[in-house]
Structures are given as C-alpha cells and as structure tokens.
Amino acid sequence: MSQLLQNALKGIQSLLNGGKMKLTQTDELGALLAVLKKAMFHGLPGLNIEMPTVLYPTLLPQYDGRPPVKPQQSESTASRPMVNKKKKYKIKPRKTPQGEEEEEESSSEMEAVPGPGTSRVNMHDRNTRCSSSPGVQGLPVDGSGTLGKERVSSPFTTSSWKRVSSSESDYSDAEGGLQGKMRSYQAKVRQGALACFLSTIKSIEKKVLYGYWSAFVPDTPELGSPQSVSLMTLALKDPSPKTRACALQVLSAILEGSKQFLSVAEDTSDHKRAFTPFSVMIASSIRELHRCLLLALVAESSSQTLTQIIKCLANLVSNAPYNRLKLSLLTKVWNQIKPYIRHKDVNVRVSSLTLLGAIVSTHAPLPEVQLLLQQPCSSGLSSSNSATPHLSPADWWKKAPAGSSLEETSVSSPKGSLEPCWLIRLCISTVVLPKEDCYSGGDTGSAAGSTFEPSPMRLEALQVLAHLARGYFSVAQVYLMELGEVICKCMGEADPSIQLHGAKLLEELGTGLIQQYKPDSTIAPEQRVPVFLVVMFWTVMLKGPLPRALQSSEHPTLQASACDALSSILPEAFSSLPNDRQILCITMLLGLNDSKNRLVKAATSRALGVYVLFPCLRQDVIFVADTANAILMSLQDKSLNVRAKAAWSLGNLTDTLIVNMETPDPSFQEEFSGLLLLKMLRSAIEASKDKDKVKSNAVRALGNLLHFLQPSHIEKPIFAEIIEESIQALISTVLIEAAMKVRWNACYAMGNVFKNPALPLGTAPWTSQAYDALTSVVTSCKNFKVRIRSATALSIPSKREQYGSVEQYAQIWNALVTALQKSEDTTDFLEFKYCASLRTQICQALIHLLSLARASDLPCIKETLEPNGDMVRSYLLQFLKSGTEGDDPGASHSPQERDQMVKMALKHISSIQALTGDTARRAVMDFLENILTIYFDASGSQVALLELSDR
C-alpha cells in the first residue's frame, strides 16, 4: 500500500513539474490538497485523522457538503506521481538496509526536481549567494564559482545523508525487519506527499495558496483534530528527521514572499467581539509559528533538520510585520539562536547568522531590535542548550579581532554602553579571526588548509554587518575604523566573493554617513561621526585595496560594487581628502566610463552623477564638462540600465547648472561651452523618446537646460530650432499616458522653463500649446501629484504678459476654477490624501493670477465667480486657515504669508484703472474683501481692509 502511494505521489509531482496539470478550478486544487494533507500524516504514530474529500479556501465554507466535480478522479489523484524520474544525485550506496537505500533515492529525486521557474527544494543553499538570505538583497557573485567547493549541503542530498549517523536515520538498528521497513515506507509516503505539496505551491499563485493557509499553518496550540494538525505537527512529532526537514521546507516555501499577506496581522488583546477578525487570526498564527519553531529548535538532534528549522525561522522573521505585533517575539528568537552560532555543523552556523541578519533587516529600525543590540555581550549567551552540546567556552563572544591598531582607531563606546555590541563583535571575529578547533572537524565547506571560517560563514557575517550598517547605523558607527580594517582585509583577499561583500559593506557605511549629514537628518550634530574621522576612514580606504578593486576588469561585478562604494563618499569629507586622492577618484570614474561591461558602465555613470553635485566640484567647469561628455556617451549605450543611470546623472548635472546660476560669480555661465549645451539639449530630446526609466530624467534635464540658457544663447539662430524642439518634447511628455513619474517630471520641467525670463513666453507660438497641456492635466489627470505639479507650473510666470492674450489668461483661470471644483473627483482611494495639497496649490495659483490681472481680464473673472463664487470662497478660506496638508514643499506658507498673498491681490485689483461703468473690478474686490472680512472677523480687520480698498 505504501509503495503504491509513493508511486502515485511521484506521478502527481511529475505532472506538476512538467506543467501538464493545470490547477485552475477550486475543486481540483482542493481535492489535491485534501489528498496530500491526508498522505502527509500517513502512518504517523499516534495520529489517525479523517479528511474531507475537498479542502476549500478560507473565503468558502470549509465543509461545503457538496462532492467534488468528479469524485472518481479526485480519488485517483492519490495515485498521481510526485517526483520527476530524473535522479540527478542518485549514487548507489554501500550495503545498507533496503528501506534506507530506497529512501535515499527518493530524497535524491526530491532534491533534483526544481519546480518551473523556481528555486530548488533547498531554497537558500549557501552557494547561490544571489538569493541566500531570506528577506534581504542578496549579493551577486562573479561567475568564477568560488563558492562551489563550500556548498552547505541540503539535508536531502545523497552525499550529506551518507554522513548521517545512525541516531539520525529514519529508524534504529534495533527496529530492523518488517516493522522497521514498514515505518520507513510510511515515512517515504509522508515525504512524497510533502514533496508533491512543494511542487503544488510552485504551480499556483501565492494569493490562491493563502486561501488554504489555515489548513496547513497553525493558529492555536494543536489539539489533534483534523483542523488543528498542520505542517508544524510533522516538524515537532514525526520520528523521521528527513520528514521533519521536508515539512519545514514546505513551510518555508509558504512563508517565502508572504510579507503582503502577513502585513494585515494586528496583535491586540482587547478584540472582544462575536467573531475573530482575520487580522487577529493571522497575528495568532504568526505567534504560534514562533512558539512551535522555537520548540522544534530546542528539541531537534539532526543537524540537517536543525538547519531547516533555522532557515524557516529566518523566512518567518523576514515576512512578519513586527511593527504591528506585540514585543518579545524577536527577543525570544534572538536569545534562543545565540548558542547555535557555535554549533559543530557549519550549515547550522551559517543559517543562524542568516536568521540574525533577517532580524536586523526586518522593518529596521525596530525599537525591540535596537534594545537587543544594546544588551551587554554576556546577556543570554551563557545559557547553552542541552540540544547543542558542541559549544566553546562561555566567553568566546568577548574575543576582539587581533591587532592593537584596531583598538587604537576604534571610536569609543557610546554613552551608557558598558560592553561592545555582541553581534558586531561576533561578525568581525567570524570574518577576520582564525577558526577554532572545537568545530573545525565539521567544517566540510572550508578549503583544505584554510585558517579562516568557511567562506559561506564569512560571507554571511559580512551581510549581517551590511544590514546593521543600513538599519542600525548608530550602533555600527562606533566600530567605523575597525570595520574599515575588516573591509581592507576582505578586499585584499583572493576570493572575489569576499572582496565583493567587503565593497558592499563599504557602500552601506558610506551611505549611513551621508544620511547623518543630510539637511533633514534628525541626528544631533554631537551624535554624528565627526568629519575628520570620516576623512580618516576614506583616506584609509583609498590607500588600501579599493583602487585595485576598481581596476579588476576580470571581475566586473566587483568593479561595479567598488564604483558604488566610491559614490558613497560624504561630500563634506571629499573636499578634505588629500588632493591626490580626490584626483584618483575622479580619474578612475572618468576612465571606467569607457568600460565595455554594462554593469560597470552603469555604476560609473551613476557615480559621476553623484560627484557632479559635490559643492567642491560643481563650479569646476572642466570637471563638469568632462562629466557631461562622459554621460552623453553613456546615453547612447545599447543597455537600458546604462541609459537610465546616465539620464539620472544628466538630470543631476543640470541641477548643478541651476545651482551655479544662483551664485554671485557669473564666470561659470560665461565659461560653460555653448556647443556642449547644444549637445546636451539634443541628447535630452532623444532620451525623452526613450523608455520611461530614461524619459523621466531626460525631461528633468530638458527643463533645467532651458532654464539655464542665457540671453546670449537664446539670441543665436542656432539655438532657436533646438529650443522649439525641446519645448515640444516637454509638451508631448506632459500629455502622453506615461508613468506618473514621467508626467510629474515633465510638469516640473515646464515650470523650470517658465522661470527663464529670457525665453519669449507669452509671445512665442509654443506658449498656448504649453498652457493647453498644463490646463488639461490640472483638470483631468488621474494622478493628483501630477495635477499638483501642473498647478505649481501655472503659478510660476511672474509677469502678466507671460500669460499671453486675454483669451489665454481666461482659459487658465477657468481651468483652475474647474480643477478646484473637481479636486475630490477620483475613484482611487490612495489619491484622496493629496486632495488638500492639490486645493492649496490651486488656490495659490488663482491668487497669483489675480495679483497680475489687467482690466481686460476682470470681466472673465467676474463671469466665472458668479456661478462658482461660494465654492471658490470656501476653499480660499480653508487655504487661509489651514494651509497645505500635503507633501508639496512649494505650497507651504505660514498663515501670515497666506493672508498677505490675498491682501496683495486685493491691493492690485483696487489699483487697476477700470473703464467707467465697468462692474467687474468692484465685483472682484467685493469677493476678496468678503473673504478677508470672514477670515479676520474678530481682529479689527475692517481697518486694514479700508486701507487697502479704493473707496
């Protein structure tokens, strides 16, 4: 019977893996899952459950009473196979009991069959660094395969099972004979069902899978009913370590990518209702998973299964919404995983570091994790677990990296911290200290004769340091110089993957330093790393192996990462670097821009776009011109990624041109080449026709370039045609149905064009087209942020003649009134939060137009106010009382500035010499006076109004 079930499950899995079984109907999937759930517990001692013939997703009744569409077929699904016949890892074993040999073969088949378009069953194998750590951005490794020899074995590969001791096999020697074989066959049925479930998971959409969450994932402590048994039942109670590992693999696959599904969880203790809300049920499920997995952790004796438990925990940690859950869940995981970092098995040690990396990267920074990182080194570490007997002496974590220079250059510990951060100290030790003998015998992944930890362990430690630098920089900054030496050591090694992770850590540290010095930073100046120390840090980096990494043309991934690291220099520190180091950085980047490798070229283009914003470089005409030529060359590249990075850098470069316009010294504008400006305009026009990734920054650059043009340029005939083409490119981009970011940038660019008083706005033929495009967007665009930006652009011209004819002015005025009326017209709930900001910006534009109006414009204004006056008045009063509530910085004014704007508009209207008998001026004045009267009702405003009026 067991062999029949095994073969049937193999057949089902073969159909799933081959894409021949399409699980499109709920009944079909439900019938399969019901069979698999029954088979998962086949022969499990002490458990005999009855299952319905069909499982239904949560939104449908669990037991509907209706039979599946074809009962006969649903019965026969039990006989469909589950494992592909390919036996990639099958090796004939030595003389072992028959049941054990067959089980080994079955596990090899399970490992050999990845689902279509998915990773292998061993989802986070250490040799695939690109996706090694759940929930974190993996780091690519150069194609040299340097990690191949240091694979952390899966518990299901044949080679690893040859090393399993008899105590970890599926049944003991004393249980030989028929009973032992029967248990082995039953275990293989359970493993087959789990492997088939894994293929099912890979064959269906995650949103479909989560409908069956409660059937396989516990949400309350188990009571033994069919509803309560779950994958954790197997993980905790199955006698076979291989089956336990299979169950954990399946649970990992369910948890992988579940962040959005789990994000609804809310852990509150006061939900006294007649029913349990879905959010509370999910939170309860997350709590129960933590409880069960930590129970499994302390009870597990098999190293291979232990690795799977820790990987499953890492997947759970990466996806659970701890910011919406009660405290203590992560603290329990943190405290219980500490002893396993010194486990005899390298796989367990690596996965333990992966779990710690997941903790410090999930929803960072979390207050709970911040407290854990600040705990004394000895906290919770002396309690070694009976299940992990291979621990070193109790003070292993206190060891500091050798070398007095590290201690001398380290920053002093933060106030209130009596001991250094345990996790950073551990990771530094793992990377730079020789391995200890207490577990070296189990380090199958380490190269022969290597004195260091195995490569996967060191790589994982470097990733954890990078996560800490990204999420908890205040903790990492204490070790800045020490980490600098770690980076120099890593980048000086022969292994390109170690070099690469060293470069990534350098980039994260550099980015953290930049964040501290941003204008909007909340870090107090005395808590920042001093600039002199940042200069010292980067001087060490640039005198170390970083320049060599930049020239490693045989390892382009490393080169690109070194470029990214170089672009993370703090601008304030760059200007204080020795002159030769500054020249080195610039020369290297300009030289690498000619690289044939697109990865390197993209990274270089981006780095140049960062450097051109540095205050100490942006007024250097030669550097800016060299950078412009390099970027224009990259804009012609065949790679979209290179062009996108080059367009971003071109946008930054043109931002620099605008900043230089605002300086008192006009020498930069005079010295900057007019021919280079022409080249930049032509390239930006071409780029504005490219893909959205390129287009959004191309139009930003066009707006800046048109703003930068001097009267001396505009007067030349050679510029006339290119200006017309540039503005037409912007107009068409404003109007096209492109991504929101593209249209927003196009409206922003149009506003920049309006800021150049030398352009013939108001008289040029393109004036009406530009205004038509903006008024169309402000009244009808689905995206409110684009509407806000178009309203901002319409309020930029500073002279009445720039608005063109009376008809043109009237069209803009009417469009803004219509836009105000429609400021809540949206079917997208997400847009409602921008309503207030949109109304504020429109009100500012209307007041601006009033403050520039001529006598000939007043009849149109009066005509619009007659039917819409009450609506406009209410929004203008709201504008005066509350101001902006949105995210648009240009719309924020103090209450005094807002009422001053209205007063100035009233003063301007009252100064207009109107024709005798014209009532429009009086009507507009009455409208504004009425608004101010209401606003200043109790503050003696009538005196101010009388002074402003023309009575």
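K.L.:
So what about the overall build of the chain? Which residues, and what values?
P.N.:
A count of helices and strands for the chain gives 44 helices and zero strands. Across the 951 residues of the chain, 57% fall into the buried class. Long-range pairs, those at least 24 residues apart, make up 75% of the contacts in the chain with a sequence separation of at least 6. Working note: accessible area of the chain is about 39400 Å², and carbon and sulfur atoms make up 54% of it.

K.L.:
Tell me what's going on with the packing of aromatic side chains, and back it up with residues and numbers.
P.N.:
Under the criterion given, the structure shown has 17 aromatic pairs. When the ring of Tyr210 is compared with that of Phe261, the centres are 4.4 Å apart and the planes differ by 10°; the resulting orientation is stacked. Of this pair, Tyr210 sits in the loop between α7 (206-209) and α8 (213-216) while Phe261 sits in helix α11 (residues 259-262), and the two are 51 residues apart along the sequence. We note that Tyr210, like Phe261, is buried. Over the ring of Trp422 we find Lys338, and its NZ or CZ is 4.8 Å from the ring centre. Above the face of the Phe452 ring, Arg458 is positioned so that its terminal group lies 4.5 Å from the ring centre.

K.L.:
Any chance you could break down the packing of helix α12 (residues 278-299) against helix α14 (residues 329-337) for me, citing the residues and the numbers?
P.N.:
With their axes 11 Å apart at the nearest point, α12 and α14 run at an angle of 10° to one another. In terms of orientation, α12 lies roughly parallel with respect to α14. Of the residues in α14, those in contact with Ile286, Arg287, His290, Leu294, Leu297 and Val298 of α12 are Leu329, Lys332, Val333, Gln336 and Ile337. Grouping the constituent residues of the contact of α12 with α14 by class yields seven nonpolar, two polar and two charged.

K.L.:
Give a detailed account of the pattern of salt bridges, specifying residues and quantitative values.
P.N.:
Under the defined criterion, the tally for this structure stands at 22 salt bridges. Salt bridges sharing common partners tie together Arg922, Asp926 and Glu929.

K.L.:
How would you sum up the side chain of Ser595? Please name residues and give values.
P.N.:
Among the secondary structure elements, Ser595 is positioned in the loop between α27 (579-592) and α28 (598-611). Note on Ser595: relative accessible area 18%, which makes it buried. Within the local environment of Ser595, its side chain forms a polar contact with the backbone nitrogen of Asn597, the two atoms lying 3.0 Å apart. Residues within four places of Ser595 in sequence aside, it is in contact with Val600 and Lys601.

K.L.:
Quick one: what's the story with the confidence of the model for the chain, residue by residue and with numbers?
P.N.:
For the chain, the average pLDDT comes to 79, and 75% of its residues sit at 70 or higher. Across the chain, the element-wise mean pLDDT spans from 33 in helix α5 (residues 158-161) up to 97 in α28. Counted against residues more than four places away or in other chains, residues 883-891, with its pLDDT under 50, gives 22 contacts.

K.L.:
Any chance you could break down the environment of Ile931 for me, citing the residues and the numbers?
P.N.:
Secondary-structure assignment places Ile931 in helix α43 (residues 920-935). Considered as a pair, Ile931 and Leu876 are 55 residues apart in the sequence and their alpha carbons are 7.6 Å apart. In contact with Ile931, other than residues within four places in its own chain, are Arg873, Leu876, Leu877 and Leu880.

K.L.:
Go over helix α6 (residues 177-203) with me, naming the residues and quoting the values.
P.N.:
Relative to the 39 Å expected for 27 residues at 1.5 Å per residue, α6 spans 39 Å between its end C-alpha atoms, a close match to the ideal helical length. For α6, the buried fraction is high: 20 of the 27 residues fall into the buried class.

K.L.:
Account for the nonpolar core, with residues named and values stated.
P.N.:
Of all hydrophobic cores here, the largest spans 276 residues; its most connected members are Phe197, Leu423 and Tyr611. Among the elements that make up this core, the one with the highest residue count is helix α41 (residues 858-882) (eleven residues). If near-sequence neighbours (up to four positions away) are discounted, Leu423 is found in contact with Trp334, Leu356, Val360, Leu373, Val464 and Leu468.

Parameters at a glance
Residues numbered from 1 in each chain as written. Predicted model: local features only at pLDDT ≥ 70, side-chain atom pairs only at ≥ 80, totals over all residues. Heavy atoms only, no water. Helix = DSSP H or I, 4+ residues; strand = E, 2+ residues; numbered from the N terminus. Buried < 20%, exposed > 50% of the residue type's maximum accessible area, 1.4 Å probe, protein only. Contact = heavy atoms within 4.5 Å. Areas by Shrake-Rupley, 256 points an atom, 1.4 Å probe, with all protein chains shown as cover. Phe/Tyr/Trp six-rings, centres within 6.5 Å; stacked < 30°, edge-to-face > 60°. Lys NZ or Arg CZ within 6 Å of the ring centre and 35° of its normal. Axes fitted to C-alpha atoms, helices over the stretch in contact; angles between N-to-C directions. Parallel < 35°, antiparallel > 145°, perpendicular 65-115°, else oblique. Nonpolar A, V, L, I, M, F, W, Y, C, P; charged D, E, K, R; others polar. Salt bridge = Lys/Arg side-chain N within 4 Å of Asp/Glu carboxyl O. Polar contact = N/O pair within 3.5 Å; in protein donor to acceptor, adjacent residues only side chain to side chain. pLDDT = per-residue confidence, 0-100. Expected span 1.5 Å × (residues − 1). Core = buried A, V, L, I, M, F, W, Y, C linked by side-chain atoms within 4.5 Å.

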